[in-house]
Amino acid sequence: MELELIKMCARDLLNANYAIAFTGAGVSTESGIPDFRGPSGIWTRDPEAERRSYEIFGKFLRNPKEYWEEVLKSPFYEILEKAKPNPAHYALAELEEMGIIKAVITQNIDGLHSKAGSKKVLEFHGGIDKLRCIYCGCRFPRQEFAKEIEERKVPICKNCRSPLKMDVVYFTEQIPTDVYDLSLAEAMKCDLMLVCGTSAVVYPAAELPRVAKRRGAKVVEINFEETPLTLEGVSDYIIKGKVGEILPKIVEEVKELRKKQ
Ligand code: APR
């Protein structure tokens, strides 16, 4: 059954004019980064951690210094920094190289798609390698502020002199308009969306596959488990299993089909 679906997905990708990928934490679990809501996800194991995550943006607004102290205490960023791309990331980079996938919209902040070689990556929830000014919208490489961060000083925007935060988008924080508009445009333009490793329950990100579907695109899920996209018939089909195993098989199948063309 899985092999048939893998062959079908390879055919769908080859027949598409503008295929894109939309990814979630499930594409990074095989790099050692826990997801949030899967069987051993961060929120699954510690619902209190999820509740706390709703408070961090307010903390930044009220007291940037306290916010930075909390950020620097968190082991999460170190885990992300050390992680390496896995076969799922490399497979999507290879599909882009082959001209099959035109963009990756990711909810992940780990930067692993870019590290694997994907060129057009839209980080819908930002990334840990940058700082962002919520007042003027400027972003800066985090490394540029290594000294301030090291000295426990709040990094200050070089453009408008406001306090900077990590580029990551927290609950209750608005998605930055630039990446929001670019991602929406991709979802509206695609005729196939490969939805990999997301529970599709966090908005507005989870609206993107629905936008694609409403515009007539084919939506294909790769996930261990069914999601609301499956249950609501947004996805045309779901390939169940490990995305780090399925995506490389899809790449191999695409290559086989291309040889026969
Ligand atoms: N292969 C296939 N599917 C996987 C794998 C894997 N190796 N590992 C996990 N999954 C699936 C899980 O079954 C789950 O459905 O990936 C999905 C991950 O869902 P979440 O943990 O909810 O992650 P995500 O959908 O990216 O969360 C969206 O929520 O917490 C916020 O901002 C955070 O960007 C995140 C957003």
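Computed from a predicted structure; not experimentally measured.

Here the focus is unusual backbone geometry. In the segment running from Tyr203 into Pro204, the intervening peptide bond is cis, with an omega of 5°. Structurally, the position occupied by Pro204 is in the loop between strand S7 (192-196) and helix H11 (207-214). Unusually for a residue other than glycine, Arg152 sits at a positive phi of about 60°. Overall, the relative accessible area of 48% leaves Arg152 in the partly exposed class. Residues other than glycine seldom take positive phi values, yet Arg161 does so here, at roughly 65°. Residue placement: Arg161 occurs in the loop between helix H9 (146-150) and strand S6 (165-166). Assessed through its relative accessible area of 59%, Arg161 is described here as exposed.

A separate point is the sheet that holds S6. With antiparallel pairing, 3 strands are arranged side by side in an open sheet as S5-S4-S6. This sheet does not close on itself; its edge strands, each paired only once, are strand S5 (139-141) and S6. The pairing of strand S4 (residues 130-132) with S6 spans 2 bridges and is antiparallel. What sits directly across from Leu131, in S6, is Met166.

Taken together, 23 residues form the shell around the ligand, and within it Glu30, Phe36, Arg37, Thr198 and Ser199 come nearest. Separating an oxygen atom of the ligand from a backbone N or O atom of Ala25 is a distance of 2.8 Å. One of the side-chain N or O atoms of Asn223 is found 3.0 Å from an oxygen atom in the ligand. Surface burial for the ligand is 96%, taken as the share of its 740 Å² of free accessible area covered by protein chains.

Across all of its chains, the model carries 30 salt bridges by this definition. Here Glu253 makes a salt bridge to Lys7, at a shortest N to O gap of 3.6 Å. Within this pair, whereas Glu253 is found in helix H13 (residues 243-260), its partner Lys7 is found in helix H1 (residues 2-15), the two being separated by 246 residues in sequence. You can call Lys7 partly exposed: its relative accessible area is 26%.

Reading guide: rules and limits
Residues numbered from 1 in each chain as written. Predicted model: local features only at pLDDT ≥ 70, side-chain atom pairs only at ≥ 80, totals over all residues. Heavy atoms only, no water. Helix = DSSP H or I, 4+ residues; strand = E, 2+ residues; numbered from the N terminus. Buried < 20%, exposed > 50% of the residue type's maximum accessible area, 1.4 Å probe, protein only. Pairing = 2+ DSSP bridges. Near = heavy atom within 4 Å. Polar contact = N/O pair within 3.5 Å; in protein donor to acceptor, adjacent residues only side chain to side chain. Areas by Shrake-Rupley, 256 points an atom, 1.4 Å probe, with all protein chains shown as cover. Salt bridge = Lys/Arg side-chain N within 4 Å of Asp/Glu carboxyl O.

Read these as geometric descriptors, not functional statements.
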